[in-house]
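Architecture and fold: a report
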Amino acid sequence: MARFLSNADMSLTKNEQSSFQDAESPSGESLSASQVAKPSEEFLFSSRLPDWVWSLLLILATLLAYQPAWNGKPIWDDAAHLTYPHLQSLHGLFRIWTEPGVNQQYYPMVTTAFWVEHRLWGDSTLGYHLVNILLHAGSALLLLRILRLLDVPVAGLAAAIFALHPVQVESVAWISELKNTLSGFCYFGAALMYLRFDRTGKKSAYAIALALFAVGLMTKSVIATMPAALLVVLWWQRGKISWRNDVAPLIPFFAVALIAGYSTSWVEQEYVGAHGAGYNFSLVERCLIAGRALWFYLGKVFWPVNLIFSYPRWKISLNVWWQFLFPVAAAIALFALWLLRKRNRGPLAAALFFGGTLFPALGFLNVFPFKYSFVADHFQYLAACGPIVAGSVGIIWIARQFGERRAIWEGAFCAILLASLGVLTWRESGMYKDIETLWQTTIERNPESWLAYNDLGGILYARGQLDDAIKLFQKAVALDPDNAEAQNNLGAALDKSGQIDEAIVRFRKALAARPDFAEALCNLGNSLQKKGQSDEAITDFQKAVAIRPDAPELHFTLANALLQKGRWNESAAEFQKTLELTPEDSQAHYDLGIALHQKGDIDGATAEFQKAATIRPEFVEAQNNLGNSLLQKGRVNEAISYLRKAVETKPDYAQAHYNLGNAYLQKGATDDAITEFQKLLLLQPGSPQARGSLARIAWRLATSPVASQRNGVKALELAQEMDRLAGNASSTTAEILAAAYAETGQFEQAAAAAQRALELARSENNGASVAGIEAQLNIYKAGKPFRDESGGH
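Residues numbered from 1 in each chain as written. Predicted model: local features only at pLDDT ≥ 70, side-chain atom pairs only at ≥ 80, totals over all residues. Heavy atoms only, no water.

Once that is clear, we can look at the overall build of the chain. Helix and strand content of the chain: 38 helices and two strands. For the chain, with 793 residues in total, the buried portion stands at 53%. Surface summary for the chain: the accessible area is close to 34900 Å², and the carbon and sulfur share equals 58%. On the chain, the mean spot of the 70 positive side-chain charges and the mean spot of the 73 negative ones are 6 Å from each other. (Helix = DSSP H or I, 4+ residues; strand = E, 2+ residues; numbered from the N terminus. Buried < 20%, exposed > 50% of the residue type's maximum accessible area, 1.4 Å probe, protein only. Areas by Shrake-Rupley, 256 points an atom, 1.4 Å probe, with all protein chains shown as cover. Lys, Arg positive; Asp, Glu negative; His and termini not counted. Charge placed at Lys NZ, Arg CZ, Asp CG, Glu CD.)

Shown next as C-alpha cells:
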C-alpha cells in the first residue's frame, strides 16, 4: 500500500511508527510529519469521530451508492455460478468440493457461499446483492485498518474512494463477482493479520492470515499476488528486504498461491475453454497487451467515465508501430520511479503493487474473458488500491500548496470528489438492474460488441421475438463471422422460425469454427431430426455426448432420439446416465420409465414413474403412466389412487380419464367407470376409446350370463346414447341397443333394432357379424333376452 508526500522521503523506519523526513512549508519553515499528515485526518476523516461512527457512515454510503442494484436480476453468466438445481442438496455440496468441472469454475468456497445463500433466500436477488455490497464495504474498512496500521495519513480518504469508486461497480453489482468481493475481503483480512504478525510476532495472527489467504484462494485465485504485495509494502516501509524476517515467513503463502494459480490455469483450459486460436499469442504480443492494459486501467481509476461491461477487444499486431508505445512507456515510467526511489519510495511501491496485482489479468496467462476483451473493470478490483492510495496522498500535496487554507480546500475537494464518485457509482449500478439494460447500454457505448448483440438476441429469442433476435444474431455474425456461439444462436433462431435448411448451414459454420462445440452438434442433430434424418441426428448427438460427457442435457437429448427410433436398451442407458448427473430430474425418470415399459420391464418402468411423480407431484403424465403400469401389474387400488390424482390435478386430461375408467372396470365399479368414460366423451366427443368402452359396458350390462352383472335399464340408457352418437348408422350400436331392449323385456323394440343392425351389417359387408345378429334376432322374436357366453364386444 503505497504512500508518498511531495518530494520528501516518507519511508517508514523499522519501528512500528512512521518517521518522516522534514519537509519545508511554503514559507520556508520546517514541517514535521504530523503537521503534514494531520490536516487530512483531522478535517475530513477525523479523529473527532470514533472509528465505529466513520465505519458506519462508510457502510451506509456504500449501500446508498449501490441502491439501484439491490434488486438487480441475474445477468450474463450468473446462472452458471449460482447453485444449479442438481447441486442444491447436501450431496450437491459434496460434489462442489470433490468434482472440478461440476460448476463453470472450480472455486469451491465461493460456490459454497452461493449454496448457503440459496438455502437462506432461494432465488431472491436482494440477498445476493446485499452480501456483495456489504463484503465490498467490509473490504474498504479493512483497507482503512491496514492503512492506519501503516500510519498512512490518508487512510479514511483512500478507503472511501475504494468503496465509492465506479470502477468497482462491475465487481459489486454483478452477482457472479462474489468471487471478487469475498476473495477481496479475505485478501485484506489476511494482509491485515500478517502485518500485525510482522509487528508483534504473534503466531496466532500468522495462522489467521494464512487461513484467510487459503480461503480467499478457494474463492478466486487472483489474490495469489498477495505475498508479493506484502513484500512491496515491507520494502516501502524499511527500504530493504530481509530474507530471514521478510521473505522466509511468506514462503508458505507463496507455496499455496502457486498451487492455486496452477489449479486455476488448468481448470480454465480444461473446463472453461481458455484455449484455442483466440488465445495463441507470442510473448511480444502478450507484452503489447499488457502494456496497453496497464495504461487503460490506470486511466479508468483517475478518469472513470464511459465504463463498459464489455470493452472492445483490441486487434494486436506487430505491424502497428504505435502499439509498442504502451509497453515502452510503462517501462520508462517504471525506470523513472526506480531512479526516484532513494528520494521517495512511495510512487515505485504504488506502481509495483498496481502492476503486480494486475499481473494475472495482463495477458501473460490465458483467462476465459479474453475471448471477449483483454480488459474488464472487475480485473482491477484489488489493483486499484495502489493508484487510489497514491492519488489520495497527492491530494495532501495539492492542499499544502494553499498554505493556511489547505484544510478548507482539501475538505471541499474531497467532499466534491467523494460525492461525484458516489453519484457515478449510483448511475453505473443502474446498468445492472437486468440483463437487457446491461446489453443495451453496452451496445450504446461499444457498438462493435458482438457479445452484446449475441446475448441481447438470446433474450429476445427466449421471449419468442424471433425476427428481432435473428437480426441481432446476424449483427453479431457480421462483426465476427468466425464466432461459433453467434453462428449457433443464429441457427437456433432460424430453426425455431421454420428455416431448417438455413439453420443447418449456420450450425455447420459454428462447427467449422469450433469442431468441439457440443451444443452446436446437438442443435444440428435436432434440425436433422426435423428433416427426418434421425440416424444422422443420433450420430451428432453421440458426438456431442463424447465431447461433454458431464452434460446431462446432452445425454437426455440422445436418449430421446434413441427412444423415438425404438432402440429401447440404448435409450434407457442414456437416460440412466442423465440421472447419474441429475438424480432429481423428474422428466428423465419419466422418459426412462417409458423406455423400460417399451422393452417390457414393467417393474422398472413402474419404479421410474413413481420417482417422477414423487419428485414433481403435479406431474400428471407421470401419475397417469404410473397408474397404468400398476393396473397392468394387477395393483388396481393403487392404480386408481394415482389416476385420480392425475384427473384431479388436470381435469381435462382425457387419457387419465380413460385409464381410470378401465381401472374402475377391473375393480367392478361399473358406475364409476361409466362416469369416467362419459367425462372423456365430454372432453373428446368423437373419442373412439370412450365410445368403445361405453359400448362394451352396455353390452355386458345387457348380455352377461351372470345375473349380478346385468342392469337392463343402465344398459338401455348407454346403448341409446351410443346409437345416437353413431347417428343410428352403426351395426354394432344397433346390436347393443337390441340386446338392451330385450333385457328390459321390450322384445318388439329389440327385434326392430336387431333388424336394423342386420341391414347395416350387410351394407357394411360385415359378414362376420351377420350370422350372429340373425341368431340374436330369432331369440328376440321368441321373446327371450340374449346371453353372451363368450364375453364378446
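Packing of helix H21 (residues 466-479) against helix H22 (residues 484-496) leaves a shortest axis separation of 9 Å and a crossing angle of 155°. Comparing their axes, H22 and H21 come out roughly antiparallel. Seen from above, H21 lies across H22 with left-handed handedness. Of the residues in H22, those in contact with Leu466, Ile470, Phe473, Gln474, Ala476 and Val477 of H21 are Ala486, Gln487, Asn489, Leu490, Ala493, Leu494 and Lys496. Partitioning the contact of H21 with H22 into residue classes produces nine nonpolar, three polar and one charged. (Axes fitted to C-alpha atoms, helices over the stretch in contact; angles between N-to-C directions. Parallel < 35°, antiparallel > 145°, perpendicular 65-115°, else oblique. Left-handed = near helix turned anticlockwise from the far one by under 90°. Contact = heavy atoms within 4.5 Å. Nonpolar A, V, L, I, M, F, W, Y, C, P; charged D, E, K, R; others polar.)

Backbone geometry at aspartate 151 places phi at a positive 65°, although glycine is not the residue there. Take aspartate 151: its relative accessible area is 28%, and that puts it in the partly exposed class.

This part takes up helix H34 (residues 688-703). Taking 1.5 Å of rise per residue, the 16 residues of H34 would be expected to cover 22 Å, and the 22 Å separating its terminal C-alpha atoms lies within 8% of that figure. Buried within H34 are the following residues: Ala690, Ser693, Leu694, Ala695, Ile697, Ala698, Trp699, Leu701, Ala702 and Thr703. Each element contacted by the buried residues of H34 is listed here: helix H32 (654-667), helix H33 (670-683), helix H35 (712-725), helix H36 (731-743) and helix H38 (767-781). (Expected span 1.5 Å × (residues − 1).)

For helix H29 (residues 602-615), built from 14 residues, the straight-helix expectation of 20 Å at 1.5 Å per residue is met to within 8% by its first-to-last C-alpha distance of 20 Å. Those residues of H29 not exposed but buried are Gly604, Ala605, Thr606, Glu608, Phe609, Ala612 and Ala613. Residues of H29 that are buried sit in contact with helix H27 (568-581), helix H28 (586-598) and helix H30 (620-632).

According to the stated counting rule, one finds 34 aromatic pairs in the structure shown. Relative to phenylalanine 188, the ring of tyrosine 187 lies with its centre 5.5 Å away and its plane at 90°, an arrangement referred to as edge-to-face. Of the two residues, tyrosine 187 and phenylalanine 188, neither departs from the other in class, the shared state being buried. Chaining the aromatic ring pairs together yields one cluster made of Trp76, Trp174, Phe309, Phe368, Tyr372, Tyr432, Trp439 and Trp450. Across from the ring centre of tryptophan 338, 3.7 Å away, lies the NZ or CZ of arginine 341, which sits over that ring. (Phe/Tyr/Trp six-rings, centres within 6.5 Å; stacked < 30°, edge-to-face > 60°. Lys NZ or Arg CZ within 6 Å of the ring centre and 35° of its normal.)

What follows is about the confidence of the model for the chain. Across the chain, the average pLDDT comes to 87, with 92% of residues at 70 or higher. Counting interchain partners and residues more than four positions distant, the pLDDT-below-50 stretch residues 1-43 has 117 contacts. (pLDDT = per-residue confidence, 0-100.)

Moving on to the pattern of salt bridges. With the rule as written, the count across this model stands at 26 salt bridges. The shortest N-O distance in the salt bridge between aspartate 603 and lysine 633 comes to 2.2 Å. Placement of the pair is aspartate 603 in helix H29 and lysine 633 in the loop between H30 and helix H31 (636-649), with a sequence separation of 30 residues. For aspartate 603, a relative accessible area of 48% gives the class partly exposed. Of the charged contacts, one joins lysine 679 and glutamate 676 as a salt bridge, the two residues approaching to 3.8 Å between their closest N and O atoms. Taken together, the residues span about one helical turn, with lysine 679 and glutamate 676 both in helix H33 at a distance of three residues. Relative accessible area serves as the criterion here: at 37%, lysine 679 is assigned to the partly exposed category. Here the salt bridges do not stand alone but share partners, grouping Asp198, Arg199, Arg238 and Asp246 into one network. (Salt bridge = Lys/Arg side-chain N within 4 Å of Asp/Glu carboxyl O.)

Ranked by size, the top nonpolar core spans 150 residues in total, and within it Phe188 and Tyr432 carry the most contacts. One finds Leu563, Tyr590, Leu630 and Leu694 within the second-largest nonpolar core, a separate group that totals 74 residues. (Core = buried A, V, L, I, M, F, W, Y, C linked by side-chain atoms within 4.5 Å.)

With that settled, consider the packing of helix H14 (residues 283-302) against helix H16 (residues 346-358). At a minimum axis distance of 11 Å, the contact between H14 and H16 shows a crossing angle of 115°. The handedness of the crossing between H14 and H16 comes out as right-handed. Across the interface between the two elements, Leu294, Tyr297 and Leu298 from H14 touch Phe354, Gly355 and Leu358 from H16. Residues of the contact of H14 with H16, tallied by class, amount to five nonpolar, one polar and no charged.

Let's shift gears to the side chain of threonine 357. Take threonine 357: it is sitting in helix H16. Given a relative accessible area of 6%, threonine 357 falls into the buried group. A polar contact of 2.7 Å, which involves the side chain of threonine 357, links it to the backbone oxygen of phenylalanine 353. With near-sequence residues (within four places) excluded, threonine 357 lies in contact with Tyr187, Thr225, Leu352, Leu382 and Ala383. (Polar contact = N/O pair within 3.5 Å; in protein donor to acceptor, adjacent residues only side chain to side chain.)

A separate point is the side chain of histidine 657. Take histidine 657: it is sitting in helix H32. Within the local environment of histidine 657, its side chain forms a polar contact with the side chain of glutamate 676, the two groups lying 2.6 Å apart. Discounting residues that sit within four places of it in the chain, histidine 657 has contacts with Val647, Pro651, Glu676, Lys679, Leu680 and Leu683.

Together, Trp397, Ile398, Phe402 and Trp409 give the surface a local cluster of nonpolar side chains, amounting to about 410 Å² of exposed area. Among the structural elements, phenylalanine 402 can be located in the loop between helix H17 (385-400) and helix H18 (406-429). (Patch = residues over 30% accessible without salt bridge, like charges linked within 9 Å, V, L, I, M, F, W, Y side chains within 5 Å.)

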